[in-house]
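Understanding the architecture of this molecule
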Amino acid sequence: LHAFGDGMRRWFYLLGHMIVYKNAVHCIEEIDSTFHSTAHYELSRLLVTYAQKYSNQLFMTSHSMEFIDTFLESLYGETGILQHTTVDPVRVFTIKRSSDNKGHEVWPLTGKEAFEKRSQFGLELR
């Protein structure tokens, strides 16, 4: 693996840890960093597939709207792996300034709600 780039090494590291550490919570900061944008779709599908297969939970952060759109599309889009599930395993939390501008509010959404609100209204998620 030392001959591959950072993205490839991180790909194997993330998926490998999900196999080795079953029934665990994996915290991944800035999930999209070190990955080429063309890899985001397949990475998203694999992360959710491995999380379900090995009973893991993922806690991921990202500031990239491009990654969030690709992530949601890979799960809920026309060929998404979760488009027909009855129980949505994904939760999206976004932080927005409160309406009185004195603090912040956390908006919890299911993955499907986040996908629909991004598609219909362009809701900013970060």
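Just so we're clear, the structure is a prediction, and the values are computed from it rather than from any experiment.

This part is about the pattern of salt bridges. Close approach of charged atoms lets side chains of opposite charge pair. On inspection of all chains with the given rule, the structure shows two salt bridges. Where Arg 118 meets Asp 69, a salt bridge forms, and the shortest distance between an N and an O atom there is 2.7 Å. Of this pair, Arg 118 sits in helix α4 (residues 111–121) while Asp 69 sits in helix α3 (residues 65–76), and the two are 49 residues apart along the sequence.

Right, let's talk about a nonpolar patch on the surface for a bit. On the surface, Phe 4, Met 8 and Phe 12 cluster together into a nonpolar patch covering about 290 Å² of accessible area. Its place among the elements puts Phe 12 in helix α1 (residues 6–20). Owing to a relative accessible area of 44%, Phe 12 belongs among the partly exposed residues under this scheme.

Let us look at the pairing of strand β4 (residues 104–110). Bridge count for strand β3 (residues 91–97) against β4 is seven bridges, and the pairing is antiparallel. Within β4, the position partnered with Thr 94 by the bridge is Trp 107. Between β3 and the antiparallel strand that follows it, β4, lie six residues; Asn 101 among them carries a positive phi value of about 60 degrees.

This brings us to unusual backbone geometry. Phi is positive for Asn 23, close to 55 degrees, though the residue is something other than glycine. Mapped onto the elements of the fold, Asn 23 is located in the loop between α1 and β1 (25–28). Positioned with a positive phi, Asn 101 is a non-glycine residue whose angle comes to about 60 degrees. Along the chain, Asn 101 turns up in the loop between β3 and β4. Here Asn 101 falls in the exposed class, since its relative accessible area comes to 54%.

Let us look at helix α2 (residues 40–53). With 14 residues, α2 should cover 20 Å at 1.5 Å per step; its first-to-last C-alpha distance of 20 Å lies within 8% of that length. Those residues of α2 hidden inside the fold are in contact with α1, β2 (57–60) and α3. Two residues or fewer past α2, Ser 55 is found with a positive phi of approximately 55 degrees.

On to the environment of Ser 74, then. With respect to the secondary-structure elements, Ser 74 resides in helix α3. Residue Ser 74 is classed as buried on the basis of its relative accessible area, which comes to 0%. Along the primary structure Ser 74 and Leu 43 are separated by 31 residues, whereas in three dimensions their C-alpha atoms are 9.2 Å apart. Setting aside residues up to four positions removed in sequence, Ser 74 forms contacts with Tyr 41, Ser 44, Arg 45, Thr 79, Gly 80 and Ile 81. Here the side chain of Ser 74 touches Phe 71 through a polar contact of 2.8 Å, landing on its backbone oxygen.

Angle between the axes and distance between the axes: these two values describe a pair of packed helices. With their axes 9 Å apart at the nearest point, α1 and α2 run at an angle of 15 degrees to one another. Between α1 and α2, the crossing angle belongs to the class labelled roughly parallel. Both α1 and α2 take part in a crossing whose hand is left-handed. Of the residues in α2, those touching α1 at Trp 11, Leu 15, Met 18 and Ile 19 are Glu 42, Leu 43, Leu 46, Leu 47, Tyr 50 and Ala 51. Here the residues of the contact of α1 with α2 sort into nine nonpolar, no polar and one charged.

Rules and cut-offs
Residues numbered from 1 in each chain as written. Predicted model: local features only at pLDDT ≥ 70, side-chain atom pairs only at ≥ 80, totals over all residues. Heavy atoms only, no water. Salt bridge = Lys/Arg side-chain N within 4 Å of Asp/Glu carboxyl O. Helix = DSSP H or I, 4+ residues; strand = E, 2+ residues; numbered from the N terminus. Patch = residues over 30% accessible without salt bridge, like charges linked within 9 Å, V, L, I, M, F, W, Y side chains within 5 Å. Areas by Shrake-Rupley, 256 points an atom, 1.4 Å probe, with all protein chains shown as cover. Buried < 20%, exposed > 50% of the residue type's maximum accessible area, 1.4 Å probe, protein only. Pairing = 2+ DSSP bridges. Expected span 1.5 Å × (residues − 1). Contact = heavy atoms within 4.5 Å. Polar contact = N/O pair within 3.5 Å; in protein donor to acceptor, adjacent residues only side chain to side chain. Axes fitted to C-alpha atoms, helices over the stretch in contact; angles between N-to-C directions. Parallel < 35°, antiparallel > 145°, perpendicular 65-115°, else oblique. Left-handed = near helix turned anticlockwise from the far one by under 90°. Nonpolar A, V, L, I, M, F, W, Y, C, P; charged D, E, K, R; others polar.

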